[in-house]
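Inside the fold
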Amino acid sequence: SSIFGTIPEAPPDAILGLNTQYRSDPSPNKVNLGVGAYRTADGQPYVLPVVRRVEQALADDPSTTHEYLPQDGLKEFCNLSASLILGAHSPAFADRRSVTVQALSGTGALRVGFTFVARFLSPQTAVYIPKPSWSNHKNVVVQSGLPPAKEYRYFDYGTGAVDINGMVEDLTAAPAGSIVVLHGCAHNPTGADPSHEQWERVLQVVQEGGLVPFFDNAYQGFASGSLEEDAWSVRRFVDAGIDMLVGQSYAKNMGLYGERVGALTVVSSEGGNNEAILSQLKAIIRAMYSNPPKHGAMVAAAILGHAGMFAEWEEELRKMADRIRDMRQKLRGALVKNGTPGNWDHIVNQIGMFSFTGLTAAQVELMKNKYHIYMTSNGRISMAGLTEDTVEYVADAMKDAVV
Ligand code: PMP
């Protein structure tokens, strides 16, 4: 008998399993609202034109090679990424207290970051994630060798807004040195972000309690359409001069999902140890995957480093964010028009890729079985999965599910 024969099957991933079910559904009416990727007004995947152009130029350039990158990735890409999230004039650069490495998209940034925490802070470090959060956070924390993540109150299901008092209370009770995972903008899955004033309160408990934020930024520029506005929270915390970690992903904002393009930045409250920090991040990466993939980082660096292409990218971001906001209006409009009971204002008030509809697990099941409309069991829908052609069908199905 095989030594592998008794290994139990892992529970299916809630989000990835949904896509498999969708693909095997033969219904011509099927709608995928589970996918966390942008879709055009025709429901198609989107390659940003500026990305396509850079890829073509790279392919035609005889100096493009497939040589290895160093463990910490493409230097220009790291510098430009740090400027993008922290701001070109960040005090962290002036004081030389930040270190950035390329990462395998946002997930990889979290994975390397938490491994770094487990190795160099303590393997017993408590990690607090919002309740609810992106479902993969808890997996990454445990796989990195840390105790299972604890949850802090984040969302008020009654008001559909951030439960700021609950959040502050739970974080006040967290022991000093704990990591607090914060979604920089466009909280997934709730679409509810703290206001600037509420961020100030979070910063205050973090500072007073000696907590260490780990900002997860999967949607910079994609949420509001402004790269600056979406980086406000991170920059505010960096200005406060505290120790923190910052993860970045170019999956959504450059549409580079499968190319795995991201970065991890460690910001210290005082400069002086950057070389040691970088050397340890490189050692972690060396043992995990040696060095990151090159293509996507070359593409991102070309766009970030060229004023004209950067401006074009910003325009694309505004367009994608606008289409999502337009779908929010249309879905809410269709629900009001068809007389679905309840208040649907939260659909337009939420921000980012997703809407947390408030549908129950049973209602989600009905939507799937009767209408072939797929979404995660917590009632989260991907707004970019909607089109002009499907929004009324979805609203009518929601009415049937609700009444
Ligand atoms: N964090 C959050 C909150 C996310 O929503 C996502 C994408 N679904 C990620 C991280 C990571 O995505 P990726 O690894 O593709 O960048």
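It should be emphasised that the depicted structure is a prediction, and the values quoted were computed from it without experimental measurement.

Looking now at the overall build of the protein. Looking only at helices and strands, one finds 16 helices and 13 strands in the protein. The C-alpha radius of gyration of the protein comes to 21 Å, within 12% of the 22 Å expected for a compact globule of 403 residues. Taking the principal axes of its C-alpha atoms as reference, the protein extends roughly 60 × 60 × 55 Å. Considering the protein as a whole, with its 403 residues, one finds that 47% of them fall into the buried category. The contacts of the protein with a sequence gap of at least 6 include a subset with a gap of at least 24, amounting to 77%.

Here we come to the site of the ligand. Around the ligand, the structure places 13 residues, and the nearest of them are Ser-105, Gly-106, Thr-107, Ala-218 and Ser-249. By residue number, the principal contributor to the shell around the ligand is helix 5 (residues 105–120), which donates three residues.

With 100% of its residues at a pLDDT of 70 or more, the protein has an overall mean of 96. Two numbers describe this predicted complex: its pTM, 0.96, and its ipTM, 0.99.

Core analysis: the biggest nonpolar cluster contains 115 residues, and Tyr-128, Val-180, Ala-300, Leu-331 and Val-394 have the highest contact counts within it. Considering each element in turn, this core owes the most residues, nine residues, to helix 13 (residues 307–337). Contact partners of Ala-300, with chain neighbours within four places excluded, come to Phe-77, Tyr-250, Met-254, Leu-256 and Val-261.

This chain's UniProt record puts "domain: Aminotransferase class I/classII large" (unreviewed entry) on residues 29–397. In residues 29–397, helix accounts for 45% and strand for 14%; the two terminal C-alpha atoms are 12 Å from one another.

Tracing the backbone through its elements, the reader meets Asp-216 in strand 8 (residues 212–217). Taking the C-alpha atoms as reference points, Asp-216 and Val-181, separated by 35 residues in sequence, lie 6.9 Å from one another. Excluding its chain neighbours within four sequence positions, the residues that come into contact with Asp-216 are Gly-106, Leu-110, Val-181, His-183, Gly-184 and Gly-247.

Once that is clear, we can look at unusual backbone geometry. Following Lys-131, the chain continues to Pro-132 via a peptide bond in cis, the omega torsion being 0°. Structurally, Pro-132 can be placed in the loop between strand 3 (127–131) and helix 6 (136–143). Backbone torsion omega between Asn-188 and Pro-189 reads 15°, so that peptide bond is classified as cis. Among the secondary structure elements, Pro-189 is positioned in the loop between strand 7 (179–183) and helix 8 (196–209). Positive phi, normally seen in glycine, also occurs at Ala-186, with a value near 50°.

Let us look at the pairing of strand 8. Most of strand 8 sits out of view: six of its six residues are buried. Both faces of strand 8 are covered, namely the face carrying Val-212, Phe-214 and Asp-216 and the face carrying Pro-213, Phe-215 and Asn-217. As defined by bridge partners, strand 7 adjoins strand 8 across five bridges and the pair is classed as parallel. Paired with Leu-182 across the two strands is Phe-215, which belongs to strand 8. For the crossover that starts at strand 7, traverses helix 8 and ends in the parallel strand 8, the hand is right-handed. In this sheet, strand 9 (residues 244–249) lies alongside strand 8 in parallel orientation, the contact comprising four bridges. Note that in strand 9 the partner of Asn-217 across the bridge is Gln-248.

Turning our attention to the environment of Asp-230. Checked against the element boundaries, Asp-230 lands in helix 9 (residues 227–230). Linking Asp-230 and Arg-286, residues 56 residues apart in sequence, is a C-alpha distance of 32 Å. Filtering out sequence-adjacent residues up to four positions away, Asp-230 remains in contact with Gly-184, Cys-185, Tyr-219, Gln-220, Gly-221, Ala-223 and Ser-224.

Cut-offs used in this document
Residues numbered from 1 in each chain as written. Predicted model: local features only at pLDDT ≥ 70, side-chain atom pairs only at ≥ 80, totals over all residues. Helix = DSSP H or I, 4+ residues; strand = E, 2+ residues; numbered from the N terminus. Rg over C-alpha atoms; globule rule 2.2 N^0.38 Å. Buried ≥ 20, exposed ≤ 12 C-beta atoms within 10 Å, placed from the backbone. Contact = placed C-beta atoms within 7 Å. Near = placed C-beta within 6 Å. pLDDT = per-residue confidence, 0-100. Core = buried A, V, L, I, M, F, W, Y, C linked by C-beta atoms within 7 Å. UniProt positions renumbered as here; feature names shortened; annotations may be inferred. Pairing = 2+ DSSP bridges. Right-handed = clockwise from strand over helix to strand, strands pointing away.

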